[in-house]
Amino acid sequence: MNQDMNETQTLQNIRVLYADDVAANRRYLKALLEKIGLHTDVAEDGTSALSQWEVERQPLVLLDVHMPGLDGPEVARRIRLLQKTAEDVIILGITADMNESLREALKMAGMDDCMEKPTDSQALLDALEPWVGTANGAQQSEDQHQAILYEDSELLELLMRELPNDVAALEEAFKKQDLSKARAIAHQLSGVAALYRLLRLREAVMQIESHLNIGAPMTEDLLEPVANALAEDLVEIQASAMP
């Protein structure tokens, strides 16, 4: 776990492996990573990430912490077991719910550190700087969040399609009183909302997460604020992506 990669490499010649099970997250973060100069490979889950790393041996690995199957910490453990003695590999977790106890647990699993999901290039650069340095050629823009959505119409369409699907899945979990599934969907929604700066949706979903975490009754009236927040945020994000 070498912290001196920045002495020998710049962003423009580092290859990164990024794993996330949410398609909208993968597409947006891949765009951010490439805008700051990183050569980026993506994986849709932990199993794919581990398989790719065994072949490509990327020196920088970014792992979503909460993935089904092999989660981020387990992928980190396995990479460390496979890592050769002279091989420098920086492994960073990505999560929407950062806290110090989680950070320490991830370090124990083999990660070097963990970052909150970055919403723009500056946040990403700030998180990566202690590990890989920065480069003058890194592309930055105050409006990069809107620019990415405007430049990538398929990403906007994906977001507009997947968010309502996720809210519908949350509603179905409530109807079936499936606490485990409701928690997983709510966490995923919260992460996507954080990444895309959907503040109303994130606040509404975080209220549901808090409710579920204390074991309170799963009543469907709790879902109305989520549906309302989603509708308002989607209107706003469509407007922000317009030229």
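Now for a quick tour of the structure.

The rules we used
Residue indices begin from 1 for each chain and proceed along its sequence in written order. Given that the model is predicted, a residue must reach a pLDDT of at least 70 before its local features are reported, and side-chain atom pairs must reach 80 or more before they are shown or counted; all residues, however, enter totals for whole chains, interfaces and linings. As a convention, hydrogens and water are excluded, and side-chain values are obtained from all of the structure's heavy atoms. Here the axes come from fitting lines to C-alpha atoms, over the contacting stretch only for helices, and the angles between their N-to-C directions go from 0 to 180 degrees. Strands are runs of DSSP state E lasting at least two residues, helices are runs of H or I lasting at least four, and both sets are numbered from the N terminus onward. By the definition adopted for this analysis, an angle is roughly parallel if under 35 degrees, roughly antiparallel if over 145, roughly perpendicular if from 65 to 115, and oblique otherwise. With the far helix as reference, a near helix turned anticlockwise by less than a right angle produces a left-handed crossing, and one turned clockwise produces a right-handed crossing. By definition, residues are in contact when any of their heavy atoms lie within 4.5 Å. In this classification, the charged set is Asp, Glu, Lys and Arg, the nonpolar set is Ala, Val, Leu, Ile, Met, Phe, Trp, Tyr, Cys and Pro, and all remaining amino acids, among them Gly, are polar. Side-chain atoms within 4.5 Å are what join buried Ala, Val, Leu, Ile, Met, Phe, Trp, Tyr and Cys residues into a set we call a nonpolar core. A 1.4 Å probe rolled over the protein chains alone gives each residue an accessible area, and that area as a share of the maximum for its type sets the label: buried under 20%, exposed over 50%, partly exposed in between. Between the first and last residue of a helix there are one fewer steps than residues, each counted as 1.5 Å, and that sum is the expected span. Directions pointing from the helix axis toward each C-beta atom define the arc. Pairs of strands are assigned from DSSP output, requiring at least two bridges between the strands.

### Some words on the packing of helix 1 (residues 23-35) against helix 7 (residues 153-175)
So, point 1. Look at helix 1 against helix 7: their axes get within 9 Å of each other, and the N-to-C directions meet at 155°. With respect to helix 7, the element helix 1 is oriented roughly antiparallel. Taken as a pair, helix 1 and helix 7 cross one another with a handedness that is left-handed. The segment helix 1 lies against helix 7, with Ala23, Ala24, Arg27 and Tyr28 engaging Glu154, Leu155, Leu158 and Leu159.
So, point 2. Partitioning the contact of helix 1 with helix 7 into residue classes produces six nonpolar, no polar and two charged.

### A word on the nonpolar core
So, point 1. Judged by nonpolar contacts, the single largest core of 54 residues is most densely connected at Leu60, Leu62, Leu128, Leu163, Leu170, Tyr196 and Leu201.
So, point 2. When residues in this core are grouped by element, the largest group, nine residues, is from helix 7.
So, point 3. With residues up to four places along the chain from it excluded, the contact list for leucine 62 reads Val16, Leu17, Tyr18, Ala19, Leu33, Leu92, Ile94, Met115 and Leu128.
So, point 4. Residues Trp53, Leu63, Ile91 and Leu102 belong to the second largest nonpolar core, which totals 21 residues.

### Some points on helix 9 (residues 199-213)
So, point 1. Given a rise of 1.5 Å per residue, 15 residues ought to cover 21 Å, and the 21 Å separating the end C-alpha atoms of helix 9 matches this to within 8%.
So, point 2. Within the span of helix 9, buried status applies to Leu201, Ala204, Val205, Ile208, Glu209 and Leu212. When helix 9 is viewed along its axis, its buried side chains cluster within an angular range of 145° and face the same direction. Exposed residues on helix 9 whose side chains face more than 90 degrees from its buried face are Leu199, Gln207 and Asn213.

### Regarding the sheet that holds strand 2 (residues 39-43)
So, point 1. Spatially, five strands are ordered 2-1-3-4-5 in an open sheet, and the strand pairing comes out parallel. Sheet topology places strand 2 and strand 5 (113-116) at the edges, where each strand pairs with a single neighbour. In this sheet, neighbouring strand axes are inclined to one another by 25° on average, regardless of whether the strands run parallel or antiparallel.
So, point 2. Alignment of strand 3 (residues 60-64) against strand 4 (residues 90-95), held across five bridges, turns out to be parallel. By the bridge assignment for strand 4, leucine 63 is matched with glycine 93.

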